[in-house]
Structures are given as structure tokens and as C-alpha cells.
Amino acid sequence: MIRVPDSPGGRLTDAWRQCVGTGRLDLALRSDYQESLRVLQRDIGFRYIRGHGLLSDGMAVHRPYEWQGRRHVRHSFTHVDQVLDAYLALGIRPFLELGFMPGELASGEQTVFWWRGNVTPPRSHQEWADLVRALLTHLVDRYGLDEVRTWPVEVWNEPNLPDFWQDADEKAYHRLYEVTAHAVKEVDAGIQVGGPAISPGADEWLERFAEFTDRHDVPLDFVSRHAYSSGPAQHVPFGVHQTLAPASGLLDQFATPRRQLAGTRYAGLPVHITEFNSSYRPDNPVHDTAFHAAYLAPVVANGGEHADSFSYWTFSDVFEEAGVPTALFHGGFGLLTHRQVRKPTYHLYAFMARMGPDVLARGDDHLVTRHADGRVTVLAWAPVDPTGETPGPDRHTLRLSLPVPSGEVFVRRSSVDEERGNAYTAWRHLGSPRSPKPGQLDVLHEAAEPARTHQRLTSEDGRVDLPLTLSRHEVTLVELTPVDDETPPWWDERRLLGREATA
């Protein structure tokens, strides 16, 4: 029995919902994408959204032209306005990632992804700075300075990888960051700018980046990096399999920037994990499973202790870095498939959205919070073995003694596991249809609903005992609400069929 304290030990931060990832930004022009985001915001309510391609050719911002024998540039914001208007209408703000390089400004032809984002430095840093200034000036003019000051500006994506930055040229990135940061501040000193958005395994980049900005007095308002826990890809047609490190390794990665910057002038800067997931591949079936939700539960529950935000990569399978997906379930990053089918990890986030602000207890398999009105919420999960070598017990037990208001409490439990709240399992039972028919989609949406039960308990001395048995890979949310009983005094369940009650 775990006795949960009566008094809170701290506040549950919003770091887990502060930001979420997305595929390239021009995908936001699609109806399926916008409907998926609408569902997400209704159930979870993320604060910011970050994705690639803001300045890539698909957004058509940088538009050179010839006139009277001279080269000019028109900056066009037609798609930018549509995308950002859609975001703001759904209550989510942009976390602006500046990239990739417009083709007509690029110094080379190297690209990344199926949609060919250019990853070479600008052939003119002056023209790049003009582009950055034009973009932010337009955003300030359209949305207001006070609003745009709340939008972080991140310079590039994973420049330590040659796939994302030509030759992973560190000096070239430092030069790009310097030019960009000064251009941002020329528009307004209050706009936040940061980087270097490095991938795991490149921590020395952050140290040298901090030294560079300090030595050259380059603006730096936040630092960013990414976190993944998977090993090398083992390829199969249209997919991969990978080993996973323990989920605690993700929390270690979240904590690394603060450790590195301790004792420097940047020790107090916000730390944003602008991408995280288990696998870094958009075609790994693990993303679709109940295992994945249970694996990430301790990370989502505890990540705010180590970073100011950690952005799940990504909210939707409307995502095409490796090409257009060939099946509804294909191992995509998304919390949602196409057509808004919710995955188990989606429910992990939806459960977190119903937790209270005051933390009463944390454990290896649970998080307990309380709302201001006295409701107590419990998030619990069955621990997993990431190696897959031991399947783990079919049942995981947890017993909590919870502080609740005296009297009766209504107990509502919502669960997802291998069978319940798991559309992926239903899809496999259906024969893994690549393009489900409308009736099959109805089945999948129905299968994605969490299992729900309810009961009523009586508190004794302001406490109730809550025994929980969790199935394999289960994540469950238990909500305990004080009962205000309005049953009339003449109500008698024993007389439902008109008989007189007997003693």
C-alpha cells in the first residue's frame, strides 16, 4: 500500500503539452490535417506546434525575379498566412523553425526527405537575413508585436547531421545562426531566438555553440535539442524495426542541456526539446502500439522536471518525410493516423490533459494529482521491458491510499492496453487493410475508444483505498470526484418493478 500525502509536493508543469511536432508546414493546407489538429486540440490542447519547411519551396516565400536587367526578390506569405491562421484559429501558436533553404537562395543542391528540403547554406547571407527580417516583419504586422514575441524562433534543424546541413559544417552553422539571430533582433529585441536543435549524440555541439555565442555576443534566448531512444534501423519493405533503450534515457537527454550549461551565463535559459520520440523513423510499427504508450508514460509524466518543453514528434500521420504512407497503420510518428484514428499514445496525452495542477505523488508506475475542487486523478501504467526479451507479467498491481473529501466519491476509470482503446490491434484483426473501407474505419474509431468503468466508494477518515490491477502494457486514468448526492428520500431501487419493499 502506497500512502499518498494529503498536501501537494509541487505543481505539475505544462511542459508536456507546451509543444507538439508536425510534418512540413504546407501539409497544414490539407483538410485531413486540419481536422486531425481540431481533434487534438479538443482533447489535449497543445500550446505550440513546430515543424520543418517554413522557408522551403513548398511554402513559396522566397520569389526571385528579373526586372530591367537586375535580380530582385519578392517575399510572398500566401501560404504562411493560411497555415498560421489555421493554427491560431485552433488555439495553437507556431514554434517557428527557420528552414530549409529556398532553392533560389541555396548554395548547393543537396536535399533531404521525399519532398526535397534543401539543406545547404545560403549563397548570400545578406539575402538570407533579408528573408528572415521580411518574414518576421510581416508576422508582426499581421498578428501584432505582443503576439509574435510569444513565438520562439529556432534556427535550423539538426545541423550536426550531414543529412540536414551540408557536411554537418559547424562553422557554417555558427555563421548562419549569427546572421539569423541579429536579423531577428533587428525586427524586435523581444522576439526569442535560439538553437542549435541538435540530434542525440552531439552534446559537444551545444557546448561549442554556447561558447561561440558568448564569445561573439550573439543573441541566445533559449537552447534546443532532440531526444530519441532507438538503435540503428533494420529495414524491411516500407518499414523498419529497431532496438530501444530504456525510457529513462530520454529523461537523461532532456536533462543534459541544463547540466552542460550549469555555471555559464546561459544556466537559466529555457530548455526546449523540440523533438522527442522512441524511434526517429516515421515507419516503425512500435509507434502504433499499446507498448509505446506504456513505454512513454513515465517520460510524459516526469519530463517537465528536466525541460521547459518536450515536443512529441508528431501529432499526426499526415507526414511524408519518407514518402506518402502506403497504409493507414504504417508506423508513423503521429498520435493520430490519417482519418483521425487515435493511437494508444494519443490517449496517454489525453489522460494527462485531465490531470490536476497539484502533484500529490510520483512513482515508477504512477502520478497522482489534485484539482482545486477536490478531485483526485491517478495516472498509472504497467512498466515495460524495452528490450522485448522478457514480455513482463500479464498483470501489474498497484494499491494507493488516496486523500479525498469525506463522504462518497465517484470513481471513473479509463484504460488502454493491448486490446482496449487499441485500434492497431483491431486493424490487425481486420487483416491490416491498407485503405480501410468506410465501415472498417467505423470499426477502428470504435476500437480506439478507451475502456471505461465506474464505481462509488466511501471514504474513511478522508481516505479511500484504490487497488489497481493493470494488464500488460496498460495505461489507465482514474478520476475520483466527491459526490453531491441529490437522490430524493422516496427513491427505492427495490421497488423498480412496483413491489413493496420488504425488510
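Here the structure is a predicted model, which is why all the values come from computation and not from measurement. Along each chain, numbering runs from 1 in the same order as the chain's sequence is written. At least 70 in pLDDT is required for a residue's local features to be given in this predicted model, at least 80 for side-chain atom pairs to be given and counted, and no such filter applies to totals for whole chains, interfaces and linings, which use all residues. Just so you know, side-chain values use all the structure's heavy atoms and leave hydrogens and water out.

(A) View of the sheet that holds strand E22 (residues 408-416). Strands are labelled as partners when DSSP assigns at least two bridges between them. Helix numbers and strand numbers start at the N terminus; a helix is a DSSP run of H or I with at least 4 residues, a strand a run of E with at least 2. Ordered in space as E2-E18-E19-E20-E25-E22-E23, the 7 strands form an open sheet in which the pairing is antiparallel. The sheet is open, and its two borders are formed by strand E2 (10-11) and strand E23 (451-458), each paired with just one other strand. By the bridge criterion, 8 bridges tie E22 to E23 in an arrangement that is antiparallel. Within the sheet, the bridge partner assigned to Ser414 lies in E23 and is Arg452. Each of strand E18 (358-363), strand E19 (366-370), strand E20 (376-381) and strand E25 (475-482) touches helix H8 (residues 290-302); the most contacted strand, E20, lies at about 135 degrees to it. By the convention used here, residues are in contact when the closest approach between their heavy atoms is within 4.5 Å. For helices, the axis comes from a line fit to the C-alpha atoms of the stretch in contact; other axes are also lines fit to C-alpha atoms, and the angle between any two N-to-C directions lies between 0 and 180 degrees.

(B) The arrangement of the sheet that holds strand E24 (residues 463-471) in detail. Strand order in the open sheet formed by 3 strands is E1-E21-E24, with mixed pairing between adjacent strands. Strands at the two margins of the open sheet, each flanked by one partner only, are strand E1 (2-3) and E24. As paired strands, strand E21 (residues 395-403) and E24 are joined by 9 bridges and run antiparallel to one another. Bridged to Pro403 within E24 is Arg463.

(C) Helix H7 (residues 248-261), seen in detail. With 14 residues, H7 should cover 20 Å at 1.5 Å per step; its first-to-last C-alpha distance of 21 Å lies within 8% of that length. Within the sequence span of H7, burial applies to Leu250, Leu251, Gln253, Phe254, Ala255, Thr256, Pro257, Gln260 and Leu261. Structurally, H7 contributes buried residues whose contacts are with helix H6 (203-215), strand E13 (222-227), strand E16 (271-276), H8 and strand E17 (309-312). In the stretch just after H7, Gly263 is the one whose phi turns positive, near 85 degrees. Each residue after the first adds 1.5 Å to the expected span of a helix. With a 1.4 Å probe rolled over the protein chains alone, any residue whose accessible area is under 20% of its type maximum counts as buried; one over 50% counts as exposed, and the rest are partly exposed.

(D) The arrangement of the packing of aromatic side chains in detail. For Phe, Tyr and Trp, where Trp contributes only its six-membered ring, two rings pair if their centres lie within 6.5 Å, and the inter-plane angle classes them as stacked under 30 degrees, edge-to-face over 60, or tilted in between. A full pass over the atoms with the stated rule returns 29 aromatic pairs. Relative to Trp205, the ring of Tyr173 has its centre 6.3 Å away and its plane inclined at 45 degrees; by these criteria the two rings are tilted. Here Tyr173 is found in helix H5 (residues 170-187), whereas its partner Trp205 is found in helix H6, with 32 residues between them in sequence. Here Tyr173 matches Trp205 in class, with each residue buried. What links up through ring pairs into an aromatic cluster is the set Phe100, Phe113, Trp115, Trp128, Trp156, Phe164, Trp165, Tyr173, Tyr177, Trp205 and Phe209.

(E) Here's a closer look at a nonpolar patch on the surface. A cluster of nonpolar residues, Trp490, Trp491, Leu496 and Leu497, forms a patch on the protein surface that exposes about 600 Å² of accessible area. Looking at where Trp490 falls in the secondary structure, it is placed in the segment after E25. Overall, the relative accessible area of 69% leaves Trp490 in the exposed class. Patch criteria: residues need more than 30% relative accessible area and no salt bridge. Like-charged residues are merged within 9 Å; nonpolar side chains of Val, Leu, Ile, Met, Phe, Trp and Tyr are merged within 5 Å. Exposure was quantified through the Shrake-Rupley algorithm and a 1.4 Å probe, taking into account, for residues, occlusion by the shown protein chains and nothing else. In what follows, salt bridge is the name for a side-chain nitrogen of Lys or Arg lying within 4 Å of a carboxyl oxygen of Asp or Glu.

(F) Structural context of the side chain of Glu97. Its place among the elements puts Glu97 in strand E8 (residues 96-98). With near-sequence residues (within four places) excluded, Glu97 lies in contact with Arg50, Gly51, His52, Gly53, Leu54, Glu154, Trp156 and Asn157.

(G) Spatial organisation of the nonpolar core. Nine residue types can take part in a nonpolar core, namely buried Ala, Val, Leu, Ile, Met, Phe, Trp, Tyr and Cys, and a core is a set of them joined through side-chain atoms within 4.5 Å. The biggest cluster of nonpolar side chains holds 117 residues, and the ones touching the most others in it are Tyr87, Trp128, Leu139 and Phe276. Setting aside anything within four residues of it in sequence, one finds Phe276 in contact with Ala227, Tyr228, Leu250, Phe254, Leu296, Val299, Val300, Phe310, Ser311, Tyr312, Trp313 and Tyr349. With 21 residues, the next largest nonpolar core counts Leu360, Leu466, Leu470 and Leu480 among its residues.

(H) Structural detail: helix H1 (residues 31-43). Look at H1: 19 Å from first C-alpha to last across 13 residues, which is about the 18 Å you get at 1.5 Å a residue. Buried residues of H1: Asp32, Tyr33, Ser36, Leu37, Val39, Leu40 and Gln41, and no others. Where H1 terminates, the next one or two residues include Gly45, which has phi positive at roughly 80 degrees.

None of the figures reported here should be taken as evidence of function without further support.
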